[in-house]
Amino acid sequence: MRQATGELVVATRRQGLHEITRDVADWLDAQGIATGVLTLFCRHTSASLTVNENAAPAVRRDLERWIARVAPESRDYEHDDEGPDDMPAHLRTAMTDVSLSIPIVAGAMALGTWQGVYLFEHRTAPHRRRVVMHVMGE
């Protein structure tokens with residue numbers, strides 16, 4: 001059994017879904033692990049991770065609009081230290097997740113045909129987000 005860790009830095013320019021599938025796959029390929037499990041962990045409380053469709057751009061736009069309706073930006077929140085997008089970003093992270101586990105089969109993520117891995121930026125300003133990658137297997 002072997003394991004490896006790494007960190008992916010994602011520069012976001014806007015709120016929304018940023019696909020990181022290729023970057024994660026490239027790192028995983030370099031580790032040489034054929035069978036195992038990959039864990040991804042977002043080190044932030046105002047950004048998250050998700051697996052979703054990566055073929056139709058309308059899916060991403062619909063998800064972005066939906067989450068904006070469910071946790072809208074507002075000055076009505078008690079926690080607004082960094083502006084009106086501060087607390088909604090935390091709520092959006094709570095509704096999604098900061099950690100993913102993906103099986104590794106034949107040296108690749110066992111994603112479905114239309115699945116991609118995304119960092120979901122919940123703040124309006126650009127950020128440099130860090131995603132820790134850990135793979136364990138053989």
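About the thresholds
Residue indices begin from 1 for each chain and proceed along its sequence in written order. Residue-level local features of this predicted model are given only where pLDDT is at least 70; pairs of side-chain atoms are given and counted only at 80 or more, and the full residue set underlies all totals for whole chains, interfaces and linings. Computation of side-chain values: all heavy atoms of the structure, hydrogens and water removed. Any residue under 20% of the maximum accessible area for its type is buried, any over 50% is exposed, and the rest in between are partly exposed; the area is computed with a 1.4 Å probe on protein chains only. Only DSSP runs of H or I covering at least 4 residues are called helices, and only runs of E covering at least 2 are called strands; the numbering of each starts at the N terminus. The directions from the helix axis to the C-beta atoms form the arc being described. Working rule for contacts: check all heavy atoms of both residues, and any pair within 4.5 Å makes them a contact. For patch building, the residue pool is restricted to those with more than 30% relative accessible area and no salt bridge; the joining distance is 9 Å between like charges and 5 Å between nonpolar side chains (Val, Leu, Ile, Met, Phe, Trp, Tyr). Note on areas: Shrake-Rupley, 1.4 Å probe, and residue coverage restricted to the protein chains presented here. Criterion for a salt bridge: a side-chain nitrogen of Lys or Arg within 4 Å of a carboxyl oxygen of Asp or Glu. For this analysis, a polar contact is any N or O atom pair within 3.5 Å, provided that within protein one partner can donate a hydrogen and the other can accept it, and provided that sequence-adjacent residues contribute only side-chain to side-chain pairs.

### Things to note about helix α3 (residues 86–95)
Listed in full, the buried residues belonging to α3 are Asp86, Pro88, Ala89, Arg92 and Thr93. Buried residues of α3, seen end-on, are gathered within an arc of 165° and therefore sit on one face of the element. Here the buried face of α3 lies against β4 (47–53) and α2 (57–70).

### So, the environment of glycine 137
By the secondary structure assignment, glycine 137 is in strand β8 (residues 127–137). Placed 93 residues apart in sequence, glycine 137 and histidine 44 show a C-alpha to C-alpha distance of 27 Å. Setting aside residues no more than four positions away along its own chain, glycine 137 makes contact with Met1, Arg2, Ile33, Thr35 and Gly36.

### Considering a nonpolar patch on the surface
A cluster of nonpolar side chains, contributed by Trp66, Val70 and Met95, occupies part of the molecular surface with about 270 Å² of accessible area. Take valine 70: it is sitting in helix α2.

### As for unusual backbone geometry
With a phi angle near 55°, alanine 106 is a residue other than glycine that sits in the positive phi range. Along the chain, alanine 106 falls in the loop between β5 (99–105) and β6 (108–109). Judged by its relative accessible area of 71%, alanine 106 is exposed.

### Some points on the environment of isoleucine 20
Looking at the element boundaries, isoleucine 20 is found in the loop between β2 (16–19) and α1 (21–31). According to the relative accessible area criterion, isoleucine 20 is buried, its value standing at 2%. If sequence neighbours within four positions are ignored, isoleucine 20 has contacts with Leu8, Val10, Leu49, Val117, Tyr118 and Leu119.

### Looking at the side chain of serine 48
Among the structural elements, serine 48 can be located in strand β4. Owing to a relative accessible area of 0%, serine 48 belongs among the buried residues under this scheme. Among the polar contacts made by the side chain of serine 48, one reaches the side chain of threonine 96 at a distance of 2.6 Å. At 2.8 Å, the side chain of serine 48 forms a polar contact with the side chain of histidine 122. Leave out the neighbours within four places in its chain, and serine 48 touches Cys42, Thr93, Thr96, Asp97, Tyr118, Leu119, Phe120 and His122.

### Description of the side chain of serine 74
Position of serine 74 relative to the elements: it lies in the loop between α2 and α3. Judged by its relative accessible area of 19%, serine 74 is buried. At 2.9 Å, the side chain of serine 74 forms a polar contact with the backbone nitrogen of aspartate 76. With near-sequence residues (within four places) excluded, serine 74 lies in contact with Pro84 and Pro88.

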